[in-house]
Amino acid sequence: MKKEKKKKTSIPWLQLLAGALLGVFFAEIIFTTTRSLEWFIVGFASFIISFYLHMILHEGGHLLAGLSSGYKFVSFRIGSVMWIKIQGKICRKKLSIPGTGGQCLLDPPEPTGGQYPAVFYNLGGGLANLLLAAIASVSAFAMGTVASKVILLPFALIGIYLALMNLLPLKIGGIANDGYNIKTFRKDADSARAFWIQMKINKQQSDGGRLRDVPEEYFDLADSEEKGNPLIDAIKVFRFQRQIDEKDFAGARESGEKLLAEKDLLSVYRNLIKSDLLYLELIGPCRTEVVERLYTPEFEKYLKLVKSYPSAQRLHYAYAVRYAHDEAAAASAREKFEKVLKDYPMLGEIQLERELMEEI
């Protein structure tokens, strides 16, 4: 495998600055309030616990905002634990998505007058963090005790921090946040529809549907010439993956290479496309120069982050069988593939993954 030059990555300066200020405010509040090591420890524990509580509250905010807008429940994930509605029954599954602490996905209502209800759903998480942070702050000073300030003020700080990181339009860890989605809705009329389509496709895949079964009109936005719109780009990626589901491997290669050439494509999409293009190369011509162009050290790190994806284990298996000719690695990848499938939530993807394994 050839080593490539390390690409310069943009420093998430706003995230770092906000985190540093958060730490300073935390230390100042605790020491000014108590000047006690014991209380500082309590405050620090509250700080850590509050982070996880606010993650749950954030996704809960999305859930409530969505349900009040006519959405229906599909899945709710905190960390790697997911509750998902599959064919009418709520099941507990496991899925870890890099760059996200949780996720609430719902089935959106039909549009009214050409309008897609997307803004309030995206606002819901950050608003929940802000509202509860405000309640905690007021309660801390209203009670006035050391305990109330040490426990509630860190909770309030974490809420404000997470609200800012989600409501300010940012791309964090290669993923567009809620604020960026809202900004895109306001800028481009097709973006809200693209968001609606993503949610509909997720609902169908959760119930065992395949991309090849999704209505053709869902992919018309994939022909858009617009560049750098994450919501439109998602539809383009779906169509690329649909070509693979239809076993149109030649068409998928062409579409994938075209997408990779787009400079503003989010890294989360870029890595998904690389993964499938590498798989197609391994089961096809298996050219050394193409494999090495795609299987870079940076991409190898990505595969470690998505080890809970069956597609990652399928790729490891294809690489071991077709390129490395490593029987031990192939056996290990095959075993991990079967293990991952047991907890994987998307029934439609499971069917496809098994078919793609047979192609190897």
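Residues numbered from 1 in each chain as written. Predicted model: local features only at pLDDT ≥ 70, side-chain atom pairs only at ≥ 80, totals over all residues. Heavy atoms only, no water.

Student: I tried to follow the sheet that holds strand S2 (residues 81-86) on my own but got confused; where do I start?
Tutor: Two strands in a sheet stick together by hydrogen bonds in their backbones, pointing the same way (parallel) or opposite ways (antiparallel). Across the sheet, 4 strands lie side by side as S3-S2-S1-S4; this open sheet has antiparallel pairing. Two strands in the sheet have a free side with no partner beyond their single neighbour: strand S3 (89-94) and strand S4 (102-107). Across this sheet, the average inter-strand angle for adjacent strands is 20°, counted without regard to direction. Pairing geometry for strand S1 (residues 72-78) and S2, over 4 bridges, is antiparallel. (Pairing = 2+ DSSP bridges. Helix = DSSP H or I, 4+ residues; strand = E, 2+ residues; numbered from the N terminus. Axes fitted to C-alpha atoms, helices over the stretch in contact; angles between N-to-C directions.)

Student: I tried to follow the packing of aromatic side chains on my own but got confused; where do I start?
Tutor: How two aromatic rings sit relative to each other is given by the distance of their centres and the angle of their planes. One pass over the structure, following the stated rule, counts 10 aromatic pairs. Here the aromatic rings of Tyr121 and Phe195 are separated by 5.7 Å at their centres, their planes lie at 50°, and the arrangement is tilted. Note that Tyr121 is positioned in helix H3 (residues 119-143) and Phe195 in helix H6 (residues 189-206), a separation of 74 residues in sequence. The pair Tyr121 / Phe195 is uniform in exposure class, with both members buried. The rings of Tyr295, Phe299, Tyr302, Tyr319 and Tyr323 are connected pair by pair, giving a single aromatic cluster. For Arg314, the ring lying beneath its charged end belongs to Tyr279, and the centroid distance is 4.5 Å. (Phe/Tyr/Trp six-rings, centres within 6.5 Å; stacked < 30°, edge-to-face > 60°. Buried < 20%, exposed > 50% of the residue type's maximum accessible area, 1.4 Å probe, protein only. Lys NZ or Arg CZ within 6 Å of the ring centre and 35° of its normal.)

Student: Sorry, what's going on with the layout of surface pockets here?
Tutor: Over the atoms a probe the size of a water molecule is rolled, and this reveals where empty space is left. Approximately 390 Å³ is the volume attributed to the second largest pocket. Lining the second largest pocket are 14 residues, with Lys94, Lys307, Ser308, Lys339 and Val340 sitting closest to its centre. For the lining of the second largest pocket, the element with the highest residue contribution is helix H13 (residues 327-343), accounting for 5 residues. Class assignment for the residues of the lining of the second largest pocket results in 4 nonpolar, 4 polar and 6 charged. (1 Å grid on protein atoms, 1.4 Å probe; cavity = no way out; pocket = protein on both sides within 12 Å on 5 of 7 lines; lining within 4 Å. Points joined across faces, edges and corners; volume = space filled by probe spheres on them. Nonpolar A, V, L, I, M, F, W, Y, C, P; charged D, E, K, R; others polar.)

Student: Which parts of the structure should I look at to understand a nonpolar patch on the surface?
Tutor: On the surface, Phe120, Leu127, Leu130, Ile160, Leu164 and Leu168 cluster together into a nonpolar patch covering about 470 Å² of accessible area. Among the elements that line the nonpolar patch, the one with the most residues is H3, at 3 residues. The residue Leu130 is located in helix H3 in this model. What makes Leu130 partly exposed here is its relative accessible area of 36%. (Patch = residues over 30% accessible without salt bridge, like charges linked within 9 Å, V, L, I, M, F, W, Y side chains within 5 Å. Areas by Shrake-Rupley, 256 points an atom, 1.4 Å probe, with all protein chains shown as cover. Salt bridge = Lys/Arg side-chain N within 4 Å of Asp/Glu carboxyl O.)

Student: I keep staring at the pattern of salt bridges and nothing clicks. Help me out?
Tutor: Side chains that differ in sign of charge can pair as their charged atoms come close. Applying the stated criterion to the full structure yields 19 salt bridges. A salt bridge links Arg210 to Asp245; the shortest N-O distance between them is 2.7 Å. Of this pair, Arg210 sits in the loop between H6 and helix H7 (230-245) while Asp245 is found in helix H7, placing the two residues 35 residues apart along the sequence. Between Glu262 and Lys236 there is a salt bridge, with its nearest N and O atoms 3.6 Å apart. Remark: Lys236 occurs in helix H7 and Glu262 occurs in the loop between helix H8 (249-260) and helix H9 (267-283); sequence separation between them is 26 residues. Note on Glu262: relative accessible area 9%, which makes it buried. By relative accessible area, Lys236 is classed as buried at 7%. Because the salt bridges share partners, they merge into one network encompassing Arg210, Asp245, Lys247 and Glu355.

Student: It is not clear to me how a positive patch on the surface should be interpreted in this structure. Could you clarify?
Tutor: A surface patch of like charges, here positive, comprises Arg92, Lys94, Lys307, Lys336, Lys339 and Lys342. When contributions to the positive patch are tallied by element, the ones reaching two or more residues are S3 and H13. Among the elements that make up the positive patch, the one with the highest residue count is H13 (3 residues). (Lys, Arg positive; Asp, Glu negative; His and termini not counted. Charge placed at Lys NZ, Arg CZ, Asp CG, Glu CD.)

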